[in-house]
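Working through the structure, step by step
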Amino acid sequence: MNGGFDMVLLTALGVGGATAVGALLGFVFKNVTHKFSDIVLSFAAGVMLAASVFGLVEPSFAYGKETYGEAIGLFVTVIGIFAGALCLNLTDKLVPHLHRLAGSEIESHENKNLSKILLFVLAIAIHNLPEGIAAGVGFGSENTAQALVIAGGIALQNIPEGMVIIGPMLASGVSKKRTLLIALLTGLVEVIGTLIGYFAVSVATVILPFALAFAGGTMLYIISDEMIPETHAHGGERGATYALLVGFALMFVMDIVLG
């Protein structure tokens, strides 16, 4: 398996640790404006969009074509994309959570007795686990540089995510120490997801085309369902749109240069 376990482990720690870095920045910059937060998050969305297309979906078809033939390979990729998206969609419906991490609108599901803290943890974990899996699955391809780019894009998205969860947690009465601990735990979920993704494709390389597409589908779902709506909810849609394009273009250039 290319990349080596040591590199995968370091990458997993980096991806998970990015949430903690964001949390620390959240303590320092408590009054980050929505406009700034939306621009940063949109840039991260553009990075993730490019990473999912160039680093996961395209390689999925390439490996599927080589493994199963063109027609079946294309079918596996399309099915994988929708399977990843539907998996997150189903999880969103079944697991009680807070749908909007940074906004004041709270979407609570059936169990009203769960504490706000648990709801925050569940909300972040729902999305951190598949993001981690996406980072790990990327190492199943022969392009280690591309896998690192994917992981970097996910880590970049985790920084503003870590920043925006601090304010609501502190406002709800959680101590700074416990808030930081929760941020570290959510980052740990991503580390676990990265290792799961890596070992899954290591044990059964035949599932690599589907796994890559599945990971790409989860990322596309998060971008469309979570990130873009959040960045367009506070009046800064134009800046957010261009920030997304900058992030996408940057990753496109990197893909060409590294490819």
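Residues numbered from 1 in each chain as written. Predicted model: local features only at pLDDT ≥ 70, side-chain atom pairs only at ≥ 80, totals over all residues. Heavy atoms only, no water.

Bringing the packing of helix α2 (residues 34-68) against helix α7 (residues 208-231) into the picture now. Viewed as axis vectors pointing N to C, α2 and α7 meet at an angle of 160°, and their least axial separation amounts to 8 Å. As summarised for this structure, α2 and α7 are arranged roughly antiparallel, according to the angle between their axes. Where α2 crosses over α7, the two elements pack in a sense that is left-handed. Of the residues assigned to the contact of α2 with α7, the class counts are 20 nonpolar, 8 polar and 2 charged. (Axes fitted to C-alpha atoms, helices over the stretch in contact; angles between N-to-C directions. Helix = DSSP H or I, 4+ residues; strand = E, 2+ residues; numbered from the N terminus. Parallel < 35°, antiparallel > 145°, perpendicular 65-115°, else oblique. Left-handed = near helix turned anticlockwise from the far one by under 90°. Nonpolar A, V, L, I, M, F, W, Y, C, P; charged D, E, K, R; others polar.)

What follows deals with the confidence of the model for the protein. Of all residues in the protein, 81% have pLDDT values of 70 or greater, and the mean over the chain is 79. In this model residues 100-114 is a low-confidence stretch, pLDDT under 50, and it forms 29 contacts with partners more than four residues away in sequence or in other chains. (pLDDT = per-residue confidence, 0-100. Contact = heavy atoms within 4.5 Å.)

So, about the packing of aromatic side chains. Going through the model one piece at a time under the given rule, you end up with 4 aromatic pairs. Relative to Phe214, the ring of Phe210 lies with its centre 6.0 Å away and its plane at 35°, an arrangement referred to as tilted. Within this pair, Phe210 and its partner Phe214 are both found in helix α7, separated by 4 residues, close to a single helical turn. Assessed through its relative accessible area of 33%, Phe210 is described here as partly exposed. Through a chain of ring-to-ring contacts, three or more aromatic side chains come together here, namely Phe54, Phe248 and Phe252. (Phe/Tyr/Trp six-rings, centres within 6.5 Å; stacked < 30°, edge-to-face > 60°. Buried < 20%, exposed > 50% of the residue type's maximum accessible area, 1.4 Å probe, protein only.)

What follows covers a nonpolar patch on the surface. Together, Leu129, Leu181, Leu184, Leu185, Leu188, Ile192 and Ile196 give the surface a local cluster of nonpolar side chains, amounting to about 600 Å² of exposed area. At 6 residues, the largest contribution of residues to the nonpolar patch is made by helix α6 (residues 176-203). Looking at the element boundaries, Leu181 is found in helix α6. (Patch = residues over 30% accessible without salt bridge, like charges linked within 9 Å, V, L, I, M, F, W, Y side chains within 5 Å. Areas by Shrake-Rupley, 256 points an atom, 1.4 Å probe, with all protein chains shown as cover. Salt bridge = Lys/Arg side-chain N within 4 Å of Asp/Glu carboxyl O.)

As a further point, take helix α3 (residues 70-94). With 25 residues, α3 extends 36 Å between its outermost C-alpha atoms, agreeing within 8% with the 36 Å of an ideal straight helix rising 1.5 Å per residue. Of the positions making up α3, those classed as buried are Gly73, Val76, Thr77, Gly80, Gly84, Ala85, Leu88 and Asp92. (Expected span 1.5 Å × (residues − 1).)

Once that is clear, we can look at the packing of α3 against α7. α7 packs onto α3 with a crossing angle of 50° between their chain directions and a minimal axis gap of 6 Å. Judged by the inter-axis angle, α3 sits oblique to α7. Seen from above, α3 lies across α7 with right-handed handedness. Residues Val76, Thr77, Ile79, Gly80, Ile81, Ala83, Gly84, Ala85, Cys87, Leu88, Asn89 and Asp92 of α3 pack against Pro209, Phe210, Ala213, Phe214, Gly217, Thr218, Leu220, Tyr221, Ile222, Asp225 and Glu226 of α7. Along the lines of polarity and charge, the residues of the contact of α3 with α7 split into 14 nonpolar, 6 polar and 3 charged.

With that settled, the discussion passes to the nonpolar core. In terms of nonpolar packing, the biggest core is built from 33 residues, with Leu56, Ile154, Met219 and Met227 touching the most fellow members. Here this core gets 10 residues from one element, more than from any other, and that element is α2. What Met219 contacts, discounting residues up to four positions off in sequence, is Met48, Ala51, Ser52, Leu56, Ala134 and Ile154. Grouped together as the second largest cluster of nonpolar side chains are 7 residues, Ala147, Val191, Leu195 and Tyr198 included. (Core = buried A, V, L, I, M, F, W, Y, C linked by side-chain atoms within 4.5 Å.)

What follows covers the environment of Tyr68. Counting through the fold element by element, Tyr68 comes out in helix α2. Take Tyr68: its relative accessible area is 30%, and that puts it in the partly exposed class. A C-alpha to C-alpha distance of 9.5 Å links Tyr68 and Val206, two positions 138 residues apart in sequence. The contacts of Tyr68, once residues within four sequence positions are left out, are Gly73, Val76, Val206 and Pro209. There is a polar contact of 2.5 Å between the side chain of Tyr68 and the backbone oxygen of Val206. (Polar contact = N/O pair within 3.5 Å; in protein donor to acceptor, adjacent residues only side chain to side chain.)

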